[in-house]
Amino acid sequence: MRAAIVAIGSELLSTDRLDTNSLRITERLERHGVELVAKSVVGDDEAAIARELARRLAEAELLIVSGGLGPTADDVTREATAAALGRRLIDDPEVWRAIERRFASFGRVPSPNNRRQALVIEGARVLANPRGSAPGLRIEDGPRTLFLFPGVPHELDGMLAADLEPWLAARSGGSALDYAWFKTALRAESEVDGQLEPAYAEFGRERITILAGIGEVKVRIAAAGPEAERRARLETMGARVRALLGAGVYGEGAETTLEQVVGERLIERGWTIAVAESCTGGLLAERLTRQPGSSRYFAGGAVVYANQAKSGILGVPAALVEEHGAVSEPVARAMAEGCRLAFGTDLAVAITGIAGPDGGSPEKPRGTVHEALAGPEGTEHRRFRFPGDRERVRAYAAQAALEIVRRRLLGIGGAIWTEEPAR
Ligand code: AMP
Ligand code: MG
């Protein structure tokens, strides 16, 4: 089976937004061994969309379309598809009632515009969209199948899992791909790559993919073949990767996050945590509280940007700031210890650094960040030199703090990426 993807939306042709939906769709196709022969982006223009669909239908048996199903006048995917297939659009009262019910669930009534979302292409199957008002459509056209999905990525994701995945699974004849993920924080990509050499040799480089983000290197392994075989292969490969990367792996699974793992370890220990943040301005507290149930271990945080706040709120001696500067080991330590006292927690982590672009000096260049973790067994400190612009330095700093906490909770030693030796 050959597939083509068409992403619809004029914003995708400008610099406003990048088409990311096709990547999510491609992932599903890959998993089921479906060959993707083309993907394209078309603006919200009925004639242009109809032309593009007709062209793709000539070369693929499966056509997956996203976007343009909204209620506004610029959303014309339904009309264009009907035109390309030479079918009529029919107002479906069942779909309209579902839209009304959805609006009623948050105390509103749909606007007259929404009525367009109840238009169904003749002969199409309506695909429920529990995350939004625009339903999707599946259309059989001779040997070909078209899926129309909403453009909102979160809505699309839900429907790919509920509608596309089972459809593909029923047709892939057991020749699917399965993946497993191993996530590491604050590791150099090249170092992870080096550690994986034996696995490349054993299983083939094309089966192992390294994906690097800010302070995060993900390893994805893939196995193909009939189900039992690929499951077994994934087990074997996974065990090897786990052994090679060791405690550097903070979690497994595509959706696992560092804050989630830290939260789980804190619950396991029965410990609480608080944070003191300067250059990250609350980013670390935000990360920690993203996790549902974080009230079980997260006590709170102080954003202490000004020196006065560091002293007044956390009791950092003004003389310490005076002598060493706000971005220094003694101040980071005092912030962590003061925070631990103020919040009465088991752990407290502090971040103070120079995110830039200004404020650097030869002695403390931009990207210099001091982090300290105070706990029952004392206080540890690390100095980092993170690369990149302000946003990246801040993201790295929050990520590093979480990794420091994780390591403390698991008793893992060793240096963290970009950490500078103590002086
Ligand atoms: P639509 O379904 O066309 O009304 O799109 C709804 C929202 O999803 C808009 O904010 C779009 O910018 C966004 N969106 C649509 N298509 C894509 C795409 N291919 N990739 C990422 N975002 C998209
Ligand atoms: Mg649109």
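A word on the pairing of strand β13 (residues 273–277)
Reasoning step 1: Among the five residues in β13, five count as buried, and that is most of the element.
Reasoning step 2: Residue alternation in β13 divides its side chains into two sets, Ile273, Val275 and Glu277 and Ala274 and Ala276, and both sets are buried.
Reasoning step 3: Relative to strand β14 (residues 298–303), β13 runs parallel, the two being bridged by five bridges. Bridging across to β14, Ala276 finds its partner in Ala302.
Reasoning step 4: Where β13 lies against strand β15 (residues 347–353), five bridges are found, and the strand directions are parallel.

Some words on the pairing of strand β10 (residues 208–213)
Reasoning step 1: As judged from the six bridges shared by β10 and strand β11 (residues 216–224), these two strands associate in the antiparallel manner. In the strand pairing of β11, Ile208 is matched with Ile221.
Reasoning step 2: Joining the antiparallel neighbours β10 and β11 is a turn of two residues, in which Gly215 adopts a positive phi near 70°.

Thoughts on the site of ligand 1
Reasoning step 1: Around ligand 1 sit 16 residues, and of these Glu11, Arg17, Asp19, Gly68 and Gly151 come closest.
Reasoning step 2: Separating a nitrogen atom of ligand 1 from a side-chain N or O atom of Asp19 is a distance of 2.8 Å.
Reasoning step 3: Here a nitrogen atom of ligand 1 sits 3.0 Å away from a polar atom, N or O, in the main chain of Thr20.
Reasoning step 4: Expressed as a share of its isolated accessible area of 490 Å², the protein-covered part of ligand 1 is 82%.
Reasoning step 5: For the shell around ligand 1, the per-class residue count stands at six nonpolar, six polar and four charged.

Section: the nonpolar core
Reasoning step 1: One finds Leu266, Ile273, Leu284, Leu347, Val349, Phe386 and Val405 to be the most contacted residues of the largest nonpolar core, which totals 35 residues.
Reasoning step 2: Of all the secondary structure elements, the ones that give two or more residues to this core are α9 (258–269), β13, α10 (283–290), β15, β16 (368–375) and α14 (390–410).
Reasoning step 3: Setting aside residues no more than four positions away along its own chain, Leu284 makes contact with Val275, Glu277, Val349, Ile351, Ala398, Ala401 and Leu402.
Reasoning step 4: Ranked by size, the runner-up nonpolar core spans 30 residues in total, among them Leu57, Ala82, Ile121 and Ile139.

Quick look at the sheet that holds β11
Reasoning step 1: The strand order β10-β11-β9-β12 describes an open sheet built from four strands, whose pairing is antiparallel. Here the strands that pair on one side only, and so sit at the sheet edges, are β10 and β12 (249–252). Within the sheet, the average angular offset between the axes of one strand and its neighbour, ignoring direction, is 25°.
Reasoning step 2: Of the strand pairs in this sheet, strand β9 (residues 177–185) and β12 are connected by three bridges, and their pairing is antiparallel.

How each quantity is defined
Residues numbered from 1 in each chain as written. Chains lettered and ligands numbered in written order. Predicted model: local features only at pLDDT ≥ 70, side-chain atom pairs only at ≥ 80, totals over all residues. Heavy atoms only, no water. Buried < 20%, exposed > 50% of the residue type's maximum accessible area, 1.4 Å probe, protein only. Helix = DSSP H or I, 4+ residues; strand = E, 2+ residues; numbered from the N terminus. Pairing = 2+ DSSP bridges. Near = heavy atom within 4 Å. Polar contact = N/O pair within 3.5 Å; in protein donor to acceptor, adjacent residues only side chain to side chain. Areas by Shrake-Rupley, 256 points an atom, 1.4 Å probe, with all protein chains shown as cover. Nonpolar A, V, L, I, M, F, W, Y, C, P; charged D, E, K, R; others polar. Core = buried A, V, L, I, M, F, W, Y, C linked by side-chain atoms within 4.5 Å. Contact = heavy atoms within 4.5 Å. Axes fitted to C-alpha atoms, helices over the stretch in contact; angles between N-to-C directions.

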